[in-house]
Amino acid sequence: MSQSIESVLTENRSFAPSEEFARAAQVKSMAQYEEMYRRADEDPEGYWAEVASELAWTKKWSKTLDWKLPDAKWFVGGQLNASVSCLDRHVATWRKNKAALLWEGEPGDTRVLTYGQLHREVCKAANALIALGVKKGDFVAIYLPMIPEAAIAMLACARIGAPHTVVFGGFSAEALGDRIKDAKAKIVITSDGGWRRGAIVPLKENVDRAVEGTSIEKVVVVKRCANDVAMKDGRDVWWHDTVDVASPRHEAESFDSEHTLFTLYTSGTTGKPKGILHTTGGYLTGAYYTTKLVFDLRDEDIFWCTADIGWVTGHSYVVYGPLANGATVLMYEGAPNQPGPDRFWDIIAKWGVTVFYTAPTAIRAFMRWGDQWPAKHDLSSLRLLGSVGEPINPEAWMWYREQIGHNRCPIVDTWWQTETGSIMISPLPGATPTKPGSATRPLPGIAADVVHKDGTPAKANEGGFLVIKKPWPSMLRTIFGDHERFQKTYFGEVAGCYFAGDGARKDADGYFWVMGRVDDVINVAGHRLSTMEVESALVSHPKVAEAAVVGRPDDLKGQAIVAFVTPRQGVAADEALAKVLREHVSSQIGALARPEEIRFAEALPKTRSGKIMRRLLREVASGSKSRGDTTTLEDQGVLERLAQSFAQEE
Ligand code: WTA
């Protein structure tokens, strides 16, 4: 997404943290931030070793970092168990009786689990998984709604050294099946359904279709909705029949710092999603550190990150980061507008949420729904607001500040990725003056920069590629099963640097302005999708000869999917076909990938070498006149006809 003119104009607007906020904060001034940044930059290993030592290790590492680009090993030789750092060590203190998880279901049912209770449930689940045959190193797929069992399942996997692969409940059976196959998962944990806008999402049905012909041996089913589901003899077991009856005692084994904690699939430039692999010690260090610093976490906070555990934000800021800090986390199952557009504000008031972390798309939806909804509720418990997942436009930033934060709460706009594991660029709320639309400065320990393709730094306000020049603990270790793709994608673009795939610029104050992806990844409502993934889904339909997918700017979702489709000979290109194809993409990937618009074209514009000219399609899709060099177009007429058909339908 390109930077709006407006954000450039407003960048001189800046909001310093209030004195009151700064006084109580962990990092209280820019001078203190600069000092931390300098220290981390001069001695990264010393800095990170200090942070990591705040986790519960059973064996200290012998070497902090082993770095042979692109391969990083952190805390080499150290041993720990992620679930012990998140649970057992708190249970050994007064926090045993502190709320770990406050949960609200969409229908309004609630549950509260203290650290003691969460620990007990995780131990039971760990024992149940072992009884089902799960061993250290076996992959467990998790396909659950936002219910406490989702966090319990993740932590139970971590506890027994079985890497989890969480698949977002909005993904289709096909997409789930692809991920199960790629991970060679042995078990899948799901539920009879989940509540979404008053309806039941049929998760178990999707699992039944997804696991056919895969390595899945057992399906564990949580009863959530009293939904009638078929249970297959010998394969399917109920959570309550296995976990609830298991022993609550489980002595956790420690694992190597570099033991795989999880893989999480995300979209890249090709049609096949990548299994981003994170390991135990480094990932947990990053999640722990950033939660503490960016959210300025305190024991009395009630922290609500609205992300689903199917995304990395849910991994790092619903589960691992806050729990490693001994914080109280709120988790909500359903939609933000069920039963009304004020559900979130109702939840904040009811539970006394103090730190609220959500996505720009949600903020823009709230804006559209109207100021009267938040105004109806007491939001005075809030002290800090966060944003993540996509660039936030200054209008949305200002609305968030005024209508939700009542000009009182600092906003942390956090830039990071599935691959980075934890937040990389963000204000520190007690220190950094914020500018609407800028993620501001990198965290201490993160050597982020904006450079040209040849690695030379971009000048102030000059656009370039966002890179990270030094390894950090929570960086991905590989793409599961494809180390070469890992090397090429992330370390093959700018010599010596991690290449994020985002375009950015730094202003004269060194503030980062992230402009969006520079590759074929699009960001729809904060969800990362590859244009090729959607194209593959389209061409898998028998009526489609060829398809090209691009993103166009969208006021609400950031980007919307526009698909250009050439039907096969003799197939009528009509609204009925468009509808069929939209549904087809939805069943292949999930509703999040359903194209906003399908435009039929007799041919797609290609270069002489046969490459689809996406830049031109993007311009056609966003209605702008074609600029630039089109001399390599195989057939100029194709583009003109495309643009015309677009204009006519507008
Ligand atoms: C985008 C989500 C601008 C970016 C944590 C990145 C952002 C991709 C921001 C990663 C932000 C994330 N400002 N853009 N604050 N945060 N992005 O892997 O394009 O789902 O590369 O991780 O989201 O998406 P992912």
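Scroll up to find the structure this text is about.
Rules of the game
Residues numbered from 1 in each chain as written. Predicted model: local features only at pLDDT ≥ 70, side-chain atom pairs only at ≥ 80, totals over all residues. Heavy atoms only, no water. Helix = DSSP H or I, 4+ residues; strand = E, 2+ residues; numbered from the N terminus. Rg over C-alpha atoms; globule rule 2.2 N^0.38 Å. Buried < 20%, exposed > 50% of the residue type's maximum accessible area, 1.4 Å probe, protein only. Near = heavy atom within 4 Å. Polar contact = N/O pair within 3.5 Å; in protein donor to acceptor, adjacent residues only side chain to side chain. Areas by Shrake-Rupley, 256 points an atom, 1.4 Å probe, with all protein chains shown as cover. Nonpolar A, V, L, I, M, F, W, Y, C, P; charged D, E, K, R; others polar. Salt bridge = Lys/Arg side-chain N within 4 Å of Asp/Glu carboxyl O. Phe/Tyr/Trp six-rings, centres within 6.5 Å; stacked < 30°, edge-to-face > 60°. Pairing = 2+ DSSP bridges. Axes fitted to C-alpha atoms, helices over the stretch in contact; angles between N-to-C directions. Left-handed = near helix turned anticlockwise from the far one by under 90°. Contact = heavy atoms within 4.5 Å. Core = buried A, V, L, I, M, F, W, Y, C linked by side-chain atoms within 4.5 Å. Lys, Arg positive; Asp, Glu negative; His and termini not counted.

Right, let's get into the overall build of the protein. Check the secondary structure of the protein and you find 21 helices and 31 strands. For 650 residues, the compact-globule estimate of 2.2 N^0.38 gives 26 Å, and the C-alpha radius of gyration of the protein, at 24 Å, lies within 12% of that figure. If you line up the protein on its principal axes, its C-alpha atoms span 70 × 65 × 55 Å. Here the protein, with 650 residues, has 61% of them falling under the buried criterion.

Around the ligand sit 17 residues, and of these D413, T414, T418, D502 and R528 come closest. In this structure, D413 approaches the ligand through a side-chain N or O atom, which is 2.8 Å from a nitrogen atom. Calculation on the ligand without its partners gives an accessible area of 530 Å², and the protein chains cover 96% of this total. Breaking the shell around the ligand down by element, the ones donating at least two residues are α12 (312–324), β21 (411–414) and β26 (512–517). Here the residues of the shell around the ligand are counted per class, giving 6 nonpolar, 6 polar and 5 charged.

What follows is about the pattern of salt bridges. Within this structure, the stated rule accounts for 46 salt bridges. The partner of R38 in a salt bridge is E35, with the nearest N and O atoms 2.9 Å apart. You can see R38 and its partner E35 sitting in helix α3 (residues 30–42), 3 residues apart, about one turn around the helix. With its nearest N and O atoms 3.1 Å apart, the salt bridge here joins D182 to K272. Here the residue D182 occupies a position in helix α8 (residues 173–183), and K272 occupies one in the loop between β15 (260–266) and β16 (274–279), the gap between them amounting to 90 residues. Here the residues in one salt-bridge network are K204, D208, R235 and D236, joined through shared partners.

Before going further, it helps to spend a moment on the packing of aromatic side chains. For the structure shown, the criterion picks out 38 aromatic pairs. Judged by centre distance (5.6 Å) and plane angle (45°), the rings of W74 and F75 are tilted. Owing to a relative accessible area of 0%, F75 belongs among the buried residues under this scheme. Ring centres of F366 and W369 lie 5.7 Å apart, and the angle between their planes is 65°; this geometry places the pair in the edge-to-face category.

The subject of this paragraph is the environment of E19. Within the secondary structure, E19 is located in helix α2 (residues 19–24). Here E19 falls in the exposed class, since its relative accessible area comes to 66%. Taking the C-alpha atoms as reference points, E19 and G77, 58 residues apart in sequence, are found 44 Å from one another.

Here we come to the sheet that holds strand β4 (residues 79–80). In space, the 3 strands of this open sheet follow the order β1-β4-β14, with antiparallel pairing throughout. Strands at the two margins of the open sheet, each flanked by one partner only, are β1 (57–59) and β14 (255–256). Summarising the sheet, β4 and β14 pair through 2 bridges and their orientation is antiparallel. From the neighbouring strand, Q79 faces β14, where its bridge partner is D256.

Turning our attention to the packing of helix α5 (residues 82–91) against helix α7 (residues 148–160). Where α5 meets α7, the axes come as close as 7 Å, and the angle between the chain directions of the two elements is 115°. Classified by chirality, the crossing of α7 by α5 is left-handed. In this structure, α5 contributes A82, S83, V84, C86, L87 and D88 to the contact, and α7 contributes L155, A158 and R159. Split by residue class, the contact of α5 with α7 holds 6 nonpolar, 1 polar and 2 charged.

The next point concerns the nonpolar core. Core analysis: the largest hydrophobic core is formed by 120 residues, its most contacted members being F295 and Y320. Sort the elements by how many residues they give to this core and α7 lands first, with 10 residues. Residue contacts for F295: discarding those within four places in its chain leaves T290, F303, Y317, V355, Y357, R383, L384, V412 and I423. In terms of nonpolar packing, the next biggest core, distinct from the first, is built from 43 residues, F168, A175, V211 and A593 among them.

Turning our eyes to something else, we now look at the pairing of strand β6 (residues 110–114). Of the pairings in the sheet, the one linking strand β5 (residues 99–104) to β6 comprises 5 bridges and is antiparallel in character. Note on β6: the bridge partner recorded for L102 is V112. What sits between β5 and β6 in their antiparallel hairpin is a turn of 5 residues, with G108 showing a positive phi close to 105°.

With that settled, the discussion passes to the side chain of E106. Along the chain, E106 falls in the loop between β5 and β6. The buried charged residue E106 lacks any salt bridge, with R196 as its nearest oppositely charged partner at 5.5 Å. Side-chain polar atoms of E106 contact the backbone nitrogen of R197, separated by 2.8 Å. For E106, the contacting residues outside a window of four places in its chain are W195, R196, R197, G198, R224, Y332, E333, G334, A335, Q338 and R343.

A word on the sheet that holds β5. Taken in spatial order, the 7 strands line up as β6-β5-β18-β17-β19-β20-β21 in an open sheet, and their pairing is mixed. Looking at the sheet topology across the chains shown, the edges are occupied by β6 and β21. Going across the sheet, the axis of each strand differs from the next one's by a mean of 20°, ignoring polarity. Pairing between strand β17 (residues 302–305) and strand β19 (residues 355–358): 3 bridges, direction parallel. Counterpart to W304 in the pairing with β19 is F356. Relative to β6, helix α6 (residues 115–131) is tilted by about 90°, and along the sheet it contacts β5 and β6. On the sheet, α7 packs against β5, β6 and β18 (328–332) and is oriented at approximately 30° with respect to β6.

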